[in-house]
Number of protein chains: 2
Amino acid sequence: MFNTIAGTIRGLAADMVEKAKSGHPGMPIGTAELAAVIYSETLKHDPAAPDWPDRDRFVLSAGHGSALLYALLHLTGYDMPMDELKRFRQFGAKTAGHPEYGAAPGIETTTGPLGQGLANAVGMALAERMLAARFNRPGHEIVDHYTYVLAGDGCLMEGVTAEASSLAGHLGLGKLIVFYDDNQISIEGSTNLAFTENVAERYAGYGWHIQRIDGHNPNQVLQAVNKAKTLTTKPSLIIAKTVIAKGTPLAGSHKTHGAPLGKENIAAMKEKLGLPADEFHVPEEVSQHFAGKQLEWTKQRALWEEKFRAWAEEYPDLQQEWERVTKNELPADLETALPDFENSPAATRNSGGEILNALATRLPELVGGSADLAPSTKTYLNEAGDVEAGDFSGRNLHFGVREHAMGAVLNGISLHGGFRAYGSTFLVFSDYMRPPIRLAALMNRPVIFVFTHDSFYVGEDGPTHQPVEHVEALRVIPGLHTMRPADTRETAGAWMAALKRTDGPTALVLTRQKLPLLPDSSVEKVTRGGYILREAEGENPDVIIFSSGSEVSLAMAAADLLAGSGKKTRVVSVPCRELLLNQEPDYVRSILGENTPRVAIEAGVGNGWYRLVGAGGLVISVEKFGESGPAEELAAHFGFTPEAVAEKIKKHCQWNT
Amino acid sequence: MFNTIAGTIRGLAADMVEKAKSGHPGMPIGTAELAAVIYSETLKHDPAAPDWPDRDRFVLSAGHGSALLYALLHLTGYDMPMDELKRFRQFGAKTAGHPEYGAAPGIETTTGPLGQGLANAVGMALAERMLAARFNRPGHEIVDHYTYVLAGDGCLMEGVTAEASSLAGHLGLGKLIVFYDDNQISIEGSTNLAFTENVAERYAGYGWHIQRIDGHNPNQVLQAVNKAKTLTTKPSLIIAKTVIAKGTPLAGSHKTHGAPLGKENIAAMKEKLGLPADEFHVPEEVSQHFAGKQLEWTKQRALWEEKFRAWAEEYPDLQQEWERVTKNELPADLETALPDFENSPAATRNSGGEILNALATRLPELVGGSADLAPSTKTYLNEAGDVEAGDFSGRNLHFGVREHAMGAVLNGISLHGGFRAYGSTFLVFSDYMRPPIRLAALMNRPVIFVFTHDSFYVGEDGPTHQPVEHVEALRVIPGLHTMRPADTRETAGAWMAALKRTDGPTALVLTRQKLPLLPDSSVEKVTRGGYILREAEGENPDVIIFSSGSEVSLAMAAADLLAGSGKKTRVVSVPCRELLLNQEPDYVRSILGENTPRVAIEAGVGNGWYRLVGAGGLVISVEKFGESGPAEELAAHFGFTPEAVAEKIKKHCQWNT
């Protein structure tokens, strides 16, 4: 039967790519037996209830093999009609070029950028253990599932995979099972060109259990999975030797990786496999096989529902909590947990840490950690323990110096469900983790990235550690909210906004240095993205200053100096420029004014501010790399003192006072 | 003697951090013996001639231990006066918080962002072998040096290190010798918190040779280096077990990682080590030791100079070439190598590939490759062979699916000297390699990054493969030139500009889809960053359109439509916005006009264009993620057709024609 299913998958994948005149047939055809076994025998899932919380997760990390996943979803009865297979890679189809989370049920994560899927899966497997530690009770194992991954050579070469795999081994994620499709082919040709390492030895070094199988032998696949399941303290790597595009005349060639096979090759393949020549053919016995499977799956899920009911009956409070966290709902009175705002200067990283800790007491679902910088980023949850191998009840994750994996693991935790996840590092190292930040935005996952040490004010660590372009580089990612609060109150507002957001990620950009508490700053107005913090007295202002973060207090000080020269200044705090620009036009206009000279101040590249201040506006910014030295000296050097700012504004406005 | 030198290093490092009240004393103190042996016995170098091309390279990948490097440079006689040690981490000092390439002789690369140094060193070791393959002749080994690295736990956790180490093993870089300072301490505490993998086993899997030593035992260090040198086909990892801050009362504690030790602890350390209590003390015997060493080093270099002269005499043409390439000089008539520009539509990735191949025939120093996408990015040098283990005479590098390592290895090749290096991948994956792009800019290295598939025009591969924010995200990196040429001629101009640039990196952003050859496009004017491609006939234009890349031909087509409505359009091609904004004001004004409505078109996020078009200007852009589908359908969906553009402009200008 597996061979018949595999043949069907081969035919569908080849036809999809051929019809689309675009796509990657080699991998789906080369892993057809593997996939047939996984989706028929291995996975605990119910295509009729794709959101079943305790389903096994399957991640196609080699996302270019999307045709494989779509064929599987169709054959097993997910909402993936044949018409969608025929619209593979067409505009608006569920069958996008790479699997898109949300496009169809059964797609657990967006893959395509290599390595991300495997690292997401580490997050999912971790979330499973953490959720089990919270909600399971003796005799009530309501959380108990596996996470499977199908990865290729490309995934295995990526650094993010290395980081995530090392972390998975460290945490002993025994229910993570990764199939490595070892077909020895990459886009440029044989993997001998660039990838000759001993993968098994490397993964043994990470603390994984290794098996080697013939990926075309269904029995070996089954046995390997069964063996992997017996190992509860080590992740499993199953190295499946396969032949890319096996069964076609081009088997073994890198030409099958990313281009249609051509009608003749497909015809030859179908003949060889004993398939009819029809396009998109599904044999009756395959349909019947999966119809039979659906009965089993329904039964399996019903058993779980029963288990869940028994648990809920015994632990009604737990169940209430379960409902809340799996729906990403916040407690109604969360604001009341916020600490008092002390009227003394505080670094927003410190305020942020206090706010996080205060909010976390009401949010047991809030988990996170740092890429080995928690003492600096202040994101450690003091009242909670660490997550570690064998004990997943803690809430603090130690990611190690693995920023990229941290981002992808956070995405995986969020995708799994049951948690709100955050991760922190220095802002300058957001560059190490841009791909998962982007994917969080693309997938609309409410992950929270905490980036501290946000400008040259970092000081002595110098230009390698001083972000200059990073705030702007984050702002341009569609769907990401980049928040740079100006003081403790705005930091609370930013944290609240990030937590209330359920449809996308937030980056919190915080300072190393102390900032004063601003007289009229606001928790609530942060959600507007920008607001008038200081209004010019009387009539119209002579100048309007826009700024964010540490430059807001600088703008206030400069405004004081200008007031001394008889000039009235409106100071606008812009904790989130993207949000401000999305407010109703009247609100934006009320802030921008008309024909008043406009100035923006930011300790970073400034080109994004011209949209607010106009081409003729003044942008006081930093357009080169930083320097190593005490922060105050650097502030003077870069012209970020009240005096220098006031002077520049006077000159710009041609006020000869 | 080594122990005395080590003690001196300990004292200097502790004093530097203490005086600066900032820095990382633990690592320098913990690796003092290791460093003493390397700088006294192991390194082939001459502090009096720090640019000696055949010197061994030493890379402090654990850049936070900068005090160690500065102490070594001072003791061995580089231009690193004691006064600079006393100004550690002060504004304008040579002794920046992290080692800055260019700040002082003897600093081979900028480190601090973890993992980059080790990956740079892979590039250096590769460059050494490649340069040897080109210039050495039987009996004339003028290129023959080692590359040493000192890396810590943090470096070993980073994915970029994993990628680069796998590549180094694949290429059999036998003259790369990495010391792993295995002190089991990271910022958050013991490495047991996050890093329990078996590093030796992992590196064995990469194909490295592994040794384990006591890092505090100078004899073991010496023996390990000697052993490593006998292995010519495998990189060496020497795992040196050390105790962080050894010799201080805080030895072994993570508290010594990133904060001053405090006066009492330093006093206790000095007493224990038998050092006088004075700050910044260098015993006479240490000074004398290195004075003696300098005699040896001078002699060693003289021998090389002699060897070089003999070689130059025998191979004068080779020597001429050597002089040219080591100075980054281009042949005078390089432009003449450019191919004819065919008046037929061509994807700029294809034009780029032809131009690259044509220029490469005159530039044997031009080497590069792709992160497993050469068939798509078209950067393969057809007339040159591959670089592979045992044969480094080729010019094509197969980086594998390792974008991050690719960037860092390119930086290393460039830092080594003797080559111009380029690397290619899809633009969307520039996110995987931002840290080395940034470092190339920070170090003013003329590395060329080729990024193809530059917008939603990628088509069927969908949003994971369609850059939206990436062009703008590159433009904000200080010192990087981001060039998005509009046709074949501009692509030639962009390649020429990138090659002529010797003080910083360039990103070439190229299309997957075909673009027409524009009638008045220019090779030369690309260096202006922007120029008028089509001038409105007669008097002043009614509207000015700015655009780059594929949107320039779109702007031209829209201008034709507007002409049909009697409106005169100036079309400005902006292949490099940063360069345009840096032209003399008169030139910029001549392009911008006065009071003429301005429009920008770009198939990506548009906020950077308001600086040119003004706050009230029209920016036709893409502010959300892409879609999977044929490119033409997406163009219609996103409003990137001549008709849609012309309509938007008419509406914006309130032309009711």
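Model, not experiment: these values are computed from the prediction.

Conventions and cut-offs
Residues numbered from 1 in each chain as written. Chains lettered and ligands numbered in written order. Predicted model: local features only at pLDDT ≥ 70, side-chain atom pairs only at ≥ 80, totals over all residues. Heavy atoms only, no water. Least-squares fit on C-alpha atoms with pLDDT ≥ 70 in both. Contact = heavy atoms within 4.5 Å. Buried area = accessible area lost by both parts, 1.4 Å probe. Salt bridge = Lys/Arg side-chain N within 4 Å of Asp/Glu carboxyl O. Polar contact = N/O pair within 3.5 Å; in protein donor to acceptor, adjacent residues only side chain to side chain. Helix = DSSP H or I, 4+ residues; strand = E, 2+ residues; numbered from the N terminus. Nonpolar A, V, L, I, M, F, W, Y, C, P; charged D, E, K, R; others polar. Core = buried A, V, L, I, M, F, W, Y, C linked by side-chain atoms within 4.5 Å. Buried < 20%, exposed > 50% of the residue type's maximum accessible area, 1.4 Å probe, protein only. Pairing = 2+ DSSP bridges. Axes fitted to C-alpha atoms, helices over the stretch in contact; angles between N-to-C directions. Phe/Tyr/Trp six-rings, centres within 6.5 Å; stacked < 30°, edge-to-face > 60°. Lys NZ or Arg CZ within 6 Å of the ring centre and 35° of its normal.

1. Some details on the relation of the copies chain A and chain B
With an RMSD of 0.0 Å, the fit of chain A onto chain B corresponds to turning through 180 degrees and sliding 0.0 Å along the axis. Both copies of the chain, as the preceding transformation shows, are related through a two-fold rotation axis. When the interface residues of chain A are mapped onto chain B, 100% of them are again interface residues, pointing to one common binding face.

2. Comments concerning the interface of chain A and chain B
Between chain A and chain B, the contact holds 96 residues from the first and 96 residues from the second. Here chain A and chain B share an interface that buries about 8,000 Å² over both sides, 57% of which is from carbon and sulfur atoms. Applying the counting rule to chain A against chain B returns six salt bridges. Put simply, Glu469 of chain A and Arg438 of chain B hold a salt bridge, and the shortest N to O gap is 2.7 Å. At the boundary of chain A with chain B, the tally comes to 53 residue pairs in polar contact (both at pLDDT 80 or more). Ranked by residues supplied to the side of chain A that touches chain B, first place goes to helix H17 (residues 434-442) of chain A with six residues. Of the residues contributing to the side of chain A that touches chain B, the split by class is 37 nonpolar, 33 polar and 26 charged.

3. What to know about the nonpolar core
In terms of nonpolar packing, the biggest core is built from 162 residues, with Leu126, Leu173 and Leu176 of chain A together with Leu126, Leu173 and Leu176 of chain B touching the most fellow members. Setting aside chain neighbours within four positions, we find Leu173 of chain A in contact with Val122, Ala125, Leu126, Arg129, Ala168, Lys234, Pro235 and Phe392 of chain A.

4. Things to note about the sheet that holds strand E16 (residues 531-534) of chain A
Residues and elements named next belong to chain A. Strands sit in the order E16-E18-E17-E19-E20 across an open sheet of five strands; the sheet is mixed. Edge positions in the open sheet fall to E16 and strand E20 (618-620), since each of these has one partner strand only. Adjacent strand axes in the sheet meet at a mean angle of 30 degrees when their direction is disregarded. Pairing between strand E19 (residues 598-601) and E20: three bridges, direction parallel. Of the residues in E20, the one forming a bridge with Ile601 is Ile620.

5. Topic: the packing of aromatic side chains
Inspection of the entire model under this criterion finds 40 aromatic pairs over all chains. Ring centres of Tyr203 of chain A and Tyr206 of chain A lie 5.0 Å apart, and the angle between their planes is 90 degrees; this geometry places the pair in the edge-to-face category. In this pair, Tyr203 of chain A and Tyr206 of chain A are both assigned in helix H9 (residues 199-206), three residues apart and thus about one turn of the helix distant. Relative accessible area serves as the criterion here: at 2%, Tyr206 of chain A is assigned to the buried category. Each ring, one from Phe449 of chain B and one from Phe451 of chain B, has its centre 6.2 Å from the other, and the planes form 5 degrees; the classification is stacked. On the basis of relative accessible area, Phe451 of chain B is assigned to the buried category, the value being 0%. An aromatic cluster is built from Trp52, Phe135, Trp304, Phe308, Trp311 and Trp322 of chain A, whose rings are joined through pairwise contacts. A cation over an aromatic ring shows up here: Lys229 of chain A above the ring of Tyr146 of chain A, its NZ or CZ 5.1 Å from the ring centre.

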